[in-house]
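Survey of secondary and tertiary structure
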Amino acid sequence: MNLTQLTVLAAVARHESVTEAAKELHYTQPAVSHHLTRLETATGAKLIQRIGRGIRLTPEGRLLATRAAEIVGRVDAAATELAAQVGLRAGRVRMAGFQSILSTIVPKAAAALARAHPGIELGLVDVHPVEALRMLRAGEIDVALIFRYDDTPREEEGLRLVHLFDDPIYLATYEPGQTIADHRDSTWIGGCARCQDELIAVCRCAGFTPRITLVSDDMVVMQALVAARMGVTTLPGLALRAHRTPGIHTTELPEYPRQIYAVTYGDPPDPPATTALIHAIQASV
C-alpha cells in the first residue's frame, strides 16, 4: 500500500463514486480505477463492488477507507504544520494585480506582511485580470488580485476566489449632478477591455450604446480627459482613491459595483506565505 492509493480509496468512500473521486483529485477515471486495483492486489481483499453503473465499498473496503482517511488526514496535517513552521520564516510569495489596487490597498498590506513575517520576500507585477489569471495558471505567480462584474464570464475550474470587497463605480463628468442618461450623445472615454464591456452594458441599461472614441487604461489619463471636457467615463472607487484630478465631478452608480477577489490555483490549502499575504490584504481593506 502507498499513500496515493489510500488517498484514492478515501475519496471514493467519501463520494461513493469513482467519477466524483476523480474530479476531486484531478485524476482521470481510469487512473482512479488503476489505483484501486493495485490496492486490492496489495491487500489481497476485495474492496469495491460494481452495482449496476455505480460502485459500493465492501465491508473490507469500508474498514480500510476509514483508516485511510485517518492516515491521509494526519499526513496532511503534518505537512501543513511543517510548512507553517518553515514557510513563514523564509521564502517568497509572488502576486499580480491591477493598477488601482496596487496603488491603494497593497502597499499597506505589504508593509503589514513585512512586519509580521520579515523573512518572506514579496514579488509584485502590475497586469490586468486576464493576464494575472494566465500567470497564475502557468505557475508564474501565487496570488492574482482581480476585479470582475456580475456579467463577467466565470473563471475556469481550479481557480479559487476569495472575495475581498466591492468597489463602487462612479460616473465621471465635467459638470456636477449628472446621470448616465444625460450623456446619451456625449463622447465617452473607454478603459481596459473588461472595463469597456461593463461601460457599454451600463449605458445600454440606460437605453443607448455609448460612442467611445477615446481609449486609455490609465485612470490618470482618463480623469485628465474628463477635466479637459473631452468626454465622460466611469471610474472605480479605487482609482479615485489613488488619484483625483481637480475639475471632475463624480456620481456613484450603486447598481454596478465591481467585485475584488484574491485568486489562487489548485487544491487547498494554500502555502502559509500565500495565506498570510491574503490575510494581510483583507486586513488592509
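Before going into details, it helps to say that this report is about the structure given with it. Quantities reported herein were computed from a predicted structural model and do not represent experimental measurements.

1. Some thoughts on the sheet that holds strand E4 (residues 120-126)
Read across the sheet, five strands follow the order E4-E3-E5-E12-E6 without closing on themselves; strand pairing throughout is mixed. Strand pairing shows two members of the sheet lacking a second neighbour, E4 and strand E6 (159-167), which therefore form its edges. With strand direction ignored, the average angle separating the axes of adjacent strands in the sheet is 20 degrees. On top of the sheet, helix H6 (residues 105-116) reaches strand E3 (91-97), E4, strand E5 (143-148) and E6; it is set at about 170 degrees to E4, its chief contact. Across the face of the sheet, helix H7 (residues 129-137) comes into contact with E3, E4, E5, E6 and strand E12 (258-265) while running at roughly 150 degrees to E5.

2. Considering the packing of aromatic side chains
One pass over the structure, following the stated rule, counts three aromatic pairs. Between Phe147 and Tyr149, the aromatic rings sit 6.0 Å apart at their centres with planes inclined by 75 degrees, giving edge-to-face as the arrangement. Since its relative accessible area comes to 2%, Phe147 is described here as buried. Centroid distance Trp188 to Phe208: 6.3 Å. Interplanar angle 40 degrees. Geometry classified as tilted. Within this pair, whereas Trp188 is found in strand E8 (residues 187-190), its partner Phe208 is found in the loop between helix H8 (193-205) and strand E9 (211-215), the two being separated by 20 residues in sequence.

3. Some details on the packing of helix H2 (residues 18-25) against helix H3 (residues 29-43)
As a packed pair, H2 and H3 sit with axes 9 Å apart at the nearest point and diverge in direction by 105 degrees. Of the possible angle classes, the one that applies to H2 and H3 is roughly perpendicular. Contacts between H2 and H3 pair Val18, Thr19 and Ala22 from the former with Gln29, Val32, Ser33 and Leu36 from the latter. In the contact of H2 with H3, the residues fall into four nonpolar, three polar and no charged.

4. Things to note about the nonpolar core
Counting 37 residues, the largest nonpolar core has Ile101, Val143, Leu145, Ile180, Trp188 and Ile281 as its most contacted members. Per element, the largest residue contribution to this core is six residues, and it comes from helix H11 (residues 272-284). Among the nonpolar cores identified, the runner-up in size contains 22 residues, and Ala13, Val18, Ile48 and Ala65 belong to it.

5. Some thoughts on the sheet that holds strand E7 (residues 169-173)
Ordered in space as E10-E7-E11, the three strands form an open sheet in which the pairing is antiparallel. Looking at strand neighbours, the two that pair on one side only are strand E10 (233-236) and strand E11 (249-252), the edges of this open sheet. When the angles between neighbouring strand axes are averaged without regard to direction, this sheet yields 35 degrees. Examined bridge by bridge, E7 and E11 share four bridges and lie antiparallel to one another. Looking across to E11, one finds that Leu171 is bridged to Thr251. Taken strand by strand, helix H9 (residues 219-227) contacts E7 and E10, and its axis lies near 140 degrees from that of E10.

6. A short note on the pattern of salt bridges
A side chain of one charge can pair with a side chain of the opposite charge if their charged atoms are brought near each other. This model, assessed by the stated rule, comprises twelve salt bridges. Among the ionic pairs, Arg14 bridges to Glu24, the shortest N-O distance being 2.5 Å. One end of the pair, Arg14, is in helix H1 (residues 3-15); the other, Glu24, is in helix H2, and ten residues separate them in sequence. With a relative accessible area of 30%, Glu24 lands in the partly exposed category.

7. A look at the environment of Asp182
Relative to the elements of secondary structure, Asp182 occurs in the loop between E7 and E8. Exposure remark for Asp182: the relative accessible area of 47% places this residue in the partly exposed category. Linking Asp182 and Ala206, residues 24 residues apart in sequence, is a C-alpha distance of 9.7 Å. Side-chain polar atoms of Asp182 contact the backbone nitrogen of Thr179, separated by 2.8 Å.

8. Quick look at the pairing of E7
Burial within E7 is extensive, with five of its five residues counted as buried. As paired strands, E7 and E10 are joined by four bridges and run antiparallel to one another. Within E10, the residue paired with Ile169 across the bridge is Pro236.

9. Some words on unusual backbone geometry
Even without a glycine there, the phi angle at Glu16 is positive, about 50 degrees. Looking at where Glu16 falls in the secondary structure, it is placed in the loop between H1 and H2. At Arg229, a residue that is not glycine, the phi angle is positive and equals roughly 65 degrees. For Arg229, a relative accessible area of 52% corresponds to the exposed category.

What counts as what
- Residues numbered from 1 in each chain as written.
- Predicted model: local features only at pLDDT ≥ 70, side-chain atom pairs only at ≥ 80, totals over all residues.
- Heavy atoms only, no water.
- Pairing = 2+ DSSP bridges.
- Helix = DSSP H or I, 4+ residues; strand = E, 2+ residues; numbered from the N terminus.
- Axes fitted to C-alpha atoms, helices over the stretch in contact; angles between N-to-C directions.
- Contact = heavy atoms within 4.5 Å.
- Phe/Tyr/Trp six-rings, centres within 6.5 Å; stacked < 30°, edge-to-face > 60°.
- Buried < 20%, exposed > 50% of the residue type's maximum accessible area, 1.4 Å probe, protein only.
- Parallel < 35°, antiparallel > 145°, perpendicular 65-115°, else oblique.
- Nonpolar A, V, L, I, M, F, W, Y, C, P; charged D, E, K, R; others polar.
- Core = buried A, V, L, I, M, F, W, Y, C linked by side-chain atoms within 4.5 Å.
- Salt bridge = Lys/Arg side-chain N within 4 Å of Asp/Glu carboxyl O.
- Polar contact = N/O pair within 3.5 Å; in protein donor to acceptor, adjacent residues only side chain to side chain.

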